[in-house]
Amino acid sequence: MAITEAGPASLRDEQPGFDWRLALTWLVVSYGMFLTYEWVHFLIHSSYRPKRCHVLRTFPEKDEVPVSETAFTLGVDVATMEAAA
């Protein structure tokens, strides 16, 4: 098997033709991603609030969850930080 010519012309001759299945797959996936993005974007800017799921105890009311002692300081001693500065 002898290689007669190496270069773009010989490579172009060996490439397969246009694949409609690949193009259709790309279009369907692209439009699906676009529509998902637009739907989420619409929901973010609308007044829609999802229903709360009390069966799994998700989305509890704010007053039902105890506030941690380090919630405002993130565990850093503020007095020590001010003395070091």
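Structure report, in brief. Note that the structure is a prediction, hence the values are computed from the model and not measured. (Residues numbered from 1 in each chain as written. Predicted model: local features only at pLDDT ≥ 70, side-chain atom pairs only at ≥ 80, totals over all residues. Heavy atoms only, no water.)

What follows deals with the pattern of salt bridges. It is possible for side chains bearing opposite charge to pair when their charged atoms get close. With the rule as written, the count across this model stands at 1 salt bridge. Put simply, Asp-19 and Arg-21 hold a salt bridge, and the shortest N to O gap is 3.6 Å. With relative accessibility at 34%, the residue Asp-19 sits in the partly exposed group. Look at Arg-21 and you get exposed, because its relative accessible area is 66%. (Salt bridge = Lys/Arg side-chain N within 4 Å of Asp/Glu carboxyl O. Buried < 20%, exposed > 50% of the residue type's maximum accessible area, 1.4 Å probe, protein only.)

All right, on to the packing of aromatic side chains then. Given two aromatic rings, one states the distance between the centres and the angle between the planes to describe the pair. This model, assessed by the stated rule, comprises 2 aromatic pairs. Taking 4.8 Å as the distance between ring centres and 80° as the angle between the ring planes, the aromatic pair formed by Phe-18 and Trp-20 counts as edge-to-face. This pair shows no difference in class: Phe-18 is exposed, exactly as Trp-20 is. (Phe/Tyr/Trp six-rings, centres within 6.5 Å; stacked < 30°, edge-to-face > 60°.)

Attention now goes to helix α2 (residues 20-45). The end-to-end C-alpha separation of α2 is 37 Å, in line with the 38 Å expected for 26 residues at 1.5 Å each. For α2, the buried fraction is low: 0 of the 26 residues fall into the buried class. Near the N-terminus of α2, the side chain that reaches the backbone nitrogen of Arg-21, with its oxygen 3.2 Å away, is that of Asp-19. (Helix = DSSP H or I, 4+ residues; strand = E, 2+ residues; numbered from the N terminus. Expected span 1.5 Å × (residues − 1). Polar contact = N/O pair within 3.5 Å; in protein donor to acceptor, adjacent residues only side chain to side chain.)

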